[in-house]
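Remarks on the overall topology
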Amino acid sequence: MAFSIDRDRLIKELEDLGRFNRTPEEGVTRFSFSPEDGMAREYLLSIFASMGLKVSVDGAGNMRARLEGSDPDAPAVLSGSHIDTVLHGGCYDGTVGTLGALEAVRAIAESDLPHRHPIEVIVFSEEEGSNFGSTLSGSKALVGKYSLEDMENLKDPEGKSMAEMARDAGYEPETMADFLLRPGDIRAMVELHVEQSVVLESMGVPVGIVEAVAGIRVVEIRMKGTANHAGATPMTLRRDPLVAAAHIMAQIETLARGSGTGTTVATVGKIACFPNVSNIIPGEIRFTVEIRDVKAAGIQSVLDGISALAPAIAASRDISLEIISVSDSDPVQLDGDIASLSEECAAKRDIPCVRMNSGAVHDACMLAPIVATGMLFIPSRGGRSHVPEEYSDPDDIEKGVSLLADVLYELAR
Ligand SMILES: [Zn+2]
């Protein structure tokens, strides 16, 4: 079934949503629970109301708008994303998947073609972590990974908690337990999102079908030697932790390339040098290692390599070494049947597509372990995202949303 989506209506709504923005002229800033977020939600609610959808909002602010099917007891098909942004972000990250799901559901509703399962547009709250430094907070609450206690403990830099902010925005965090996602109530979830990288653009392909989302492991390595005079200390009598760190970093690149999966990436993105003065041998170095892979074995291989190499390199220079775990998220495999269905639907429409992995995490990752979940990507111009220059071509948006409508209908019929 090929639905015709209203491209002009969708692009206008994308532009409209971009106006609910704390930093006009400097990208889009719309944090969850802010006045701008409230206005953007009112805007969406008015569209949901005009479509006659039944709306529910949970204690974390996740919003669901439901188009009934012929069987009200059948498990629902979900699609959506988030509308919050980073500071000075763009107009497309999250909103394409939110308004795209809305347009897809509207196209299905307007077609009058029958479907058995309800279809819901879902708008996740606080995906970007802009308030509390923790991503996917809304979807984590929805699947029970964040309790009310966690929402009380998650605080912004001013000390205001997620639960407090949710209350001030009119939600009732105490009721979150009543809204937890029950796997039996959901048939499938499909999230459309901008790719936020250059793979699709470089291939000239408008749609990516995501098979897996990379896990991310971050460790901090702390090395201590002896700070001393850079002129008076002979090379043979130094305990320089920066030189030791440099040897370890060079090995990390080798470990990532040789992890065996072919998909591992590892990055040293942050270094602190103390005292960081040109004529003093450093006394202490701290640096992060961020490792990503869609296969857990790749991440583990780099970690094992670091654990084997780093102590030896440090010891050979009489440097102390500590490896501290900072964060850890597992790789997520998406549903193979939804990927195949997406491919078939794309073929029927003559939309070129390619199977790929995601290096960024999305709300769909929280749902994937409990319900059949798929993701579709469309290209980001220049691969840029989380910046005001973020852009996706209306042609690609139209293709992605058309395909989404077909996939949602096939899952719901
Ligand atoms: Zn996003």
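Bear in mind the structure is a predicted one, so any value in this text is a computation, not a measurement.

Scanning the protein chain from terminus to terminus reveals 13 helices and 16 strands. In summary, the protein chain has a C-alpha radius of gyration of 24 Å against a globular reference of 22 Å for 413 residues, a match within 12%. Principal-axis analysis of the C-alpha atoms places the extent of the protein chain at approximately 85 × 45 × 40 Å. Per-residue burial over the protein chain gives 53% buried out of 413 residues. Summarising the internal contacts of the protein chain: among those between residues at least 6 apart in sequence, 78% fall at separations of at least 24. Surface accessibility of the protein chain: about 17600 Å² in total, with carbon and sulfur atoms responsible for 50%. Positive and negative charge centroids in the protein chain, built from 37 and 63 side chains respectively, lie 4 Å apart.

Looking now at the pairing of strand S12 (residues 284-293). Where burial is concerned, most of S12 is hidden: seven out of the 10 residues are buried. Relative to S12, strand S7 (residues 215-224) is paired through 10 bridges, and the arrangement is antiparallel. Of the residues in S12, the one forming a bridge with Arg217 is Ile291. In terms of strand pairing, strand S9 (residues 265-267) meets S12 through three bridges, oriented antiparallel. Pairing of Ala266 across the sheet is with Ile291, part of S12. Two elements, strand S10 (residues 271-274) and S12, share four bridges in a ladder whose sense is antiparallel.

Next up on the list: the coordination of the zinc ion. Angles between donor atoms at a metal ideally measure 109.5 degrees for a four-coordinate tetrahedral arrangement and either 90 or 180 degrees for a six-coordinate octahedral one. Summarising the metal site, the zinc ion is bound by the protein donors His82 (NE2), Asp93 (OD) and His193 (NE2), whose distances to it range over 2.0 to 2.2 Å. All donors of the zinc ion come from a single chain, and their spacing in sequence reads H-x10-D-x99-H. With a gap of 11 residues between them, His82 in strand S3 (residues 76-82) and Asp93 in the loop between S3 and helix H3 (95-111) connect regions that are remote in the sequence. As far as the burial class goes, His82 and Asp93 line up, both buried.

This next bit is on the state of the cysteines. According to the stated counting rule, one finds zero disulfides in the structure shown. Of all cysteine sulfurs, the one in Cys345 lies closest to Cys353, which takes part in no disulfide; the gap is 10 Å. Cys353 sits in the partly exposed class, given a relative accessible area of 25%.

Take the packing of aromatic side chains next. Inspection of the entire model under this criterion finds five aromatic pairs. Both rings, one in Phe3 and one in Tyr409, keep their centres 5.0 Å apart while their planes meet at 65°; by these two values the pair is edge-to-face. Of the two residues, Phe3 is situated in the segment before helix H1 (7-18) and Tyr409 in helix H13 (residues 394-412); the sequence distance between them amounts to 406 residues. Overall, the relative accessible area of 4% leaves Tyr409 in the buried class. Ring geometry for Phe20 against Tyr43: centres 5.7 Å apart, planes inclined by 55°, an arrangement best described as tilted. Of this pair, Phe20 sits in the loop between H1 and helix H2 (35-50) while Tyr43 sits in helix H2; the two residues are 23 residues apart in sequence, bridging distant segments of the chain. Taking relative accessible area as the criterion, Phe20 reaches 17% and is therefore assigned buried.

A word on the pattern of salt bridges. All told, the structure shown has 28 salt bridges when counted by the stated rule. Across the pair Glu103 and Arg106 runs a salt bridge whose closest N-O atoms are separated by 2.6 Å. Residue Glu103 and its partner Arg106 are located together in helix H3, separated by three residues, close to a single helical turn. The same class applies to Glu103 as to Arg106, namely buried.

Procedures and definitions
Residues numbered from 1 in each chain as written. Predicted model: local features only at pLDDT ≥ 70, side-chain atom pairs only at ≥ 80, totals over all residues. Heavy atoms only, no water. Helix = DSSP H or I, 4+ residues; strand = E, 2+ residues; numbered from the N terminus. Rg over C-alpha atoms; globule rule 2.2 N^0.38 Å. Buried < 20%, exposed > 50% of the residue type's maximum accessible area, 1.4 Å probe, protein only. Contact = heavy atoms within 4.5 Å. Areas by Shrake-Rupley, 256 points an atom, 1.4 Å probe, with all protein chains shown as cover. Lys, Arg positive; Asp, Glu negative; His and termini not counted. Charge placed at Lys NZ, Arg CZ, Asp CG, Glu CD. Pairing = 2+ DSSP bridges. Donors = N, O, S within 2.8 Å, 3.2 Å for Na, K, Ca; no water. Disulfide = S-S within 2.5 Å. Phe/Tyr/Trp six-rings, centres within 6.5 Å; stacked < 30°, edge-to-face > 60°. Salt bridge = Lys/Arg side-chain N within 4 Å of Asp/Glu carboxyl O.

Shape descriptors only; they carry no functional weight alone.
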